[in-house]
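Structural characterization, general
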Amino acid sequence: MSPQRKIAVLGGGAWGTALAANSRRAGHEVTLYARNADTVAEINGARTNSRYLGDVVLPDGIRASTDAAEVLDRADIVLAVIPAQSLGGALKELRPAVPVEAPVVLCAKGIERTTGRRMSEVARDSLPEHRIGILSGPSFAADVARGLPTAVTVATEDESVAASLARALSGPAFRCYSSVDVTGVELGGAIKNVLAIAAGASTGRGFGASAQAALITRGFAELRRLGKAVGARAETIMGLSGLGDLMLTCSSPQSRNYSYGLALGRGEDLSGRPLAEGVATAPIASELCERLSVKAPIIDATAALLDGKITIDEAVEALLRRPLKSED
Ligand SMILES: NC(=O)C1=CN([C@@H]2O[C@H](COP(=O)(O)OP(=O)(O)OC[C@H]3O[C@@H](n4cnc5c(N)ncnc54)[C@H](OP(=O)(O)O)[C@@H]3O)[C@@H](O)[C@H]2O)C=CC1
Ligand SMILES: O=C(CO)COP(=O)(O)O
């Protein structure tokens with residue numbers, strides 16, 4: 001077990017709460033910032049976060065607060081678990097309270113819709129003097145909150161910081177691998193959400209398991225191409241934060257992105273659904289691929305589908321009618 005640190009978690013949703021639980025089980029002092037007073041009261045009192053994690057009971061000793069400065073005071077490590085489209089603004093606001101010595105580990109999975117920036121690019125702008133890391137991999141919040149086993153990747157540019165974070169954040173059932181490939185780790189997490197919507201839509205429309213497997217595999221080819229174009233390592237894309245998370249998210253209705261796709265494919269009402277980061281990431285991922293001359297027909301079709309420009313049947317027909325080529 002690594003020495004006890006003070007870990008400050010920013011964000012009181014499903015993943016922030018699950019990571020707080022994991023950090024507590026790993027033996028750390030844990031504080032959590034949530035902007036919702038009811039969430040704070042429930043975590044401190046009943047040790048639940050029923051809005052996001054149902055009846056999962058959290059380990060004791062997590063101290064939640066609506067006061068970010070109090071949560072961040074003397075923190076050794078900060079976990080930023082705020083959704084991708086809100087991360088930049090939130091970190092800018094919190095900047096004066098974030099200790100400069102504390103690495104800030106980003107846990108959101110997405111690309112900023114308005115700018116095309118990956119999470120580390122967003123955070124470096126908001127917190128220019130801090131060391132920035134990223135945590136990503138196959139990990140449903142409810143599983144981690146319950147203490148079920150999984151493994152993820154933690155990346156920072158500095159190898160020793162990455163290794164130290166991996167030691168600190170690993171828990172009894174949460175194994176962290178370290179990496180210096182920040183770009184590769186964050187790219188996998190962002191793109192798998194888009195591909196999960198595509199896989200869900202196909203299955204929801206009734207195209208069957210073969211179509212879903214073909215879509216995931218060819219979607220993964222698009223992620224590999226995009227990874228190469230932005231300088232990600234191939235091993236990272238093949239690893240937990242790439243292939244690993246893609247497999248998880250595209251195969252379980254527990255995924256909010258996959259279930260968003262399922263609902264889309266079934267023609268259900270999409271309003272009031274839980275966060276599905278792929279919805280905002282799809283159009284900007286498609287634009288990014290175009291800008292970098294990366295062929296990404298599944299990402300493009302998903303963006304067009306979400307925008308209402310094409311139907312699922314038209315999307316699949318267009319994908320099948322593309323000129324035949326060698327597999328790459
Ligand atoms: N859930 C999961 O299984 C996993 C999620 N992730 C990623 O983690 C990120 C967060 O997801 P998750 O926790 O599940 O999402 P949730 O929807 O469960 O929770 C989001 C939380 O962020 C808070 N929030 C939103 N905007 C701000 C802001 N500006 N300042 C402070 N807090 C804010 C919300 O507050 P409020 O309650 O007040 O609205 C809410 O507590 C996403 O990018 C997701 O892809 C990664 C791995 C696993
Ligand atoms: O990132 C996740 C699992 O690794 C969670 O996926 P969803 O956001 O689709 O629920």
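This structure is a prediction, so every number in the text was calculated from the model and none was measured. (Residues numbered from 1 in each chain as written. Chains lettered and ligands numbered in written order. Predicted model: local features only at pLDDT ≥ 70, side-chain atom pairs only at ≥ 80, totals over all residues. Heavy atoms only, no water.)

To continue, consider the UniProt feature "binding site: NADPH" (unreviewed entry) in the protein. This chain's UniProt record puts "binding site: NADPH" (unreviewed entry) on Trp 15, Arg 35, Tyr 52, Lys 109, Ala 141, Arg 256, Leu 275 and Glu 277. Residue placement: Lys 109 occurs in the loop between strand S5 (104-106) and helix H6 (119-126). In this structure, Lys 109 is in contact with Ala 84, Ser 136, Gly 137, Ser 139, Gly 189, Ala 190, Lys 192, Asn 193, Asp 245 and Glu 277, ignoring residues within four places of it in sequence. A polar side-chain atom of Lys 109 sits 3.0 Å from the main-chain carbonyl oxygen of Gly 137. Relative to the elements of secondary structure, Leu 275 occurs in the loop between helix H13 (256-265) and helix H14 (277-291). (UniProt positions renumbered as here; feature names shortened; annotations may be inferred. Helix = DSSP H or I, 4+ residues; strand = E, 2+ residues; numbered from the N terminus. Contact = heavy atoms within 4.5 Å. Polar contact = N/O pair within 3.5 Å; in protein donor to acceptor, adjacent residues only side chain to side chain.)

Residues in close proximity to ligand 1 total 22 residues, the closest being Ala 14, Tyr 52, Ala 141, Arg 256 and Glu 277. For ligand 1, an oxygen atom lies 3.4 Å from a polar atom in the backbone of Cys 107. Against a free-state accessible area of 890 Å², the protein chains account for coverage of 87% of ligand 1. Among the residues forming the shell around ligand 1, the class breakdown is 12 nonpolar, five polar and five charged. Split by domain, the shell around ligand 1 shows at least three residues from each of two domains, domain 1 (6-180) and domain 2 (189-320). (Near = heavy atom within 4 Å. Areas by Shrake-Rupley, 256 points an atom, 1.4 Å probe, with all protein chains shown as cover. Nonpolar A, V, L, I, M, F, W, Y, C, P; charged D, E, K, R; others polar. Domains from an automatic or database assignment.)

Next up on the list: the UniProt feature "binding site: sn-glycerol 3-phosphate" (unreviewed entry) in the protein. Taken from the UniProt record, the annotation "binding site: sn-glycerol 3-phosphate" (unreviewed entry) applies to Lys 109, Gly 137, Ser 139, Lys 192, Asp 245, Ser 255, Arg 256 and Asn 257. Its relative accessible area of 13% is what places Lys 109 among the buried residues. Once residues within four sequence positions are removed from consideration, Ser 255 is found in contact with Phe 140 and Thr 249. (Buried < 20%, exposed > 50% of the residue type's maximum accessible area, 1.4 Å probe, protein only.)

Generally, phi is negative for residues other than glycine and the peptide bonds are trans, each holding for most cases. We note that Arg 47 has phi near 60°; this positive angle belongs to a residue other than glycine. Among the structural elements, Arg 47 can be located in the loop between helix H2 (37-44) and helix H3 (50-53). Located in the positive-phi region is Arg 74, a residue other than glycine, with phi close to 65°. By secondary structure assignment, the location of Arg 74 is in the loop between helix H4 (68-72) and strand S4 (77-80). According to the relative accessible area criterion, Arg 74 is exposed, its value standing at 52%.

Walk down a regular strand and you will see the side chains alternate between the two sheet faces. As paired elements, strand S7 (residues 150-156) and strand S8 (residues 174-179) share six bridges and run parallel to each other. Each residue of the ladder has a partner; that of Ala 155, found in S8, is Ser 179. The parallel pair S7 and S8, bridged by helix H8 (residues 159-169), forms a crossover whose chirality is right-handed. (Pairing = 2+ DSSP bridges. Right-handed = clockwise from strand over helix to strand, strands pointing away.)

Counting through the fold element by element, Ser 136 comes out in strand S6 (residues 132-136). Those residues in contact with Ser 136 that sit more than four places away from it in its chain are Lys 109, Val 152, Thr 153, Val 185, Gly 189, Ser 241 and Asp 245.

In the vicinity of ligand 2, the contacting residues are Lys 109, Gly 137, Pro 138, Ser 139, Phe 140, Lys 192, Asp 245, Leu 248, Thr 249, Ser 255, Arg 256 and Asn 257. In the environment of ligand 2, an oxygen atom lies 2.7 Å from a nitrogen or oxygen atom belonging to the side chain of Lys 192. The backbone of Arg 256 places a nitrogen or oxygen atom 2.8 Å from an oxygen atom of ligand 2. Relative to its unbound accessible area of 310 Å², ligand 2 is 92% covered by the protein chains. Counting residues per element, the shell around ligand 2 draws most heavily on helix H12 (residues 240-249), at three residues. Here the residues of the shell around ligand 2 sort into three nonpolar, five polar and four charged.

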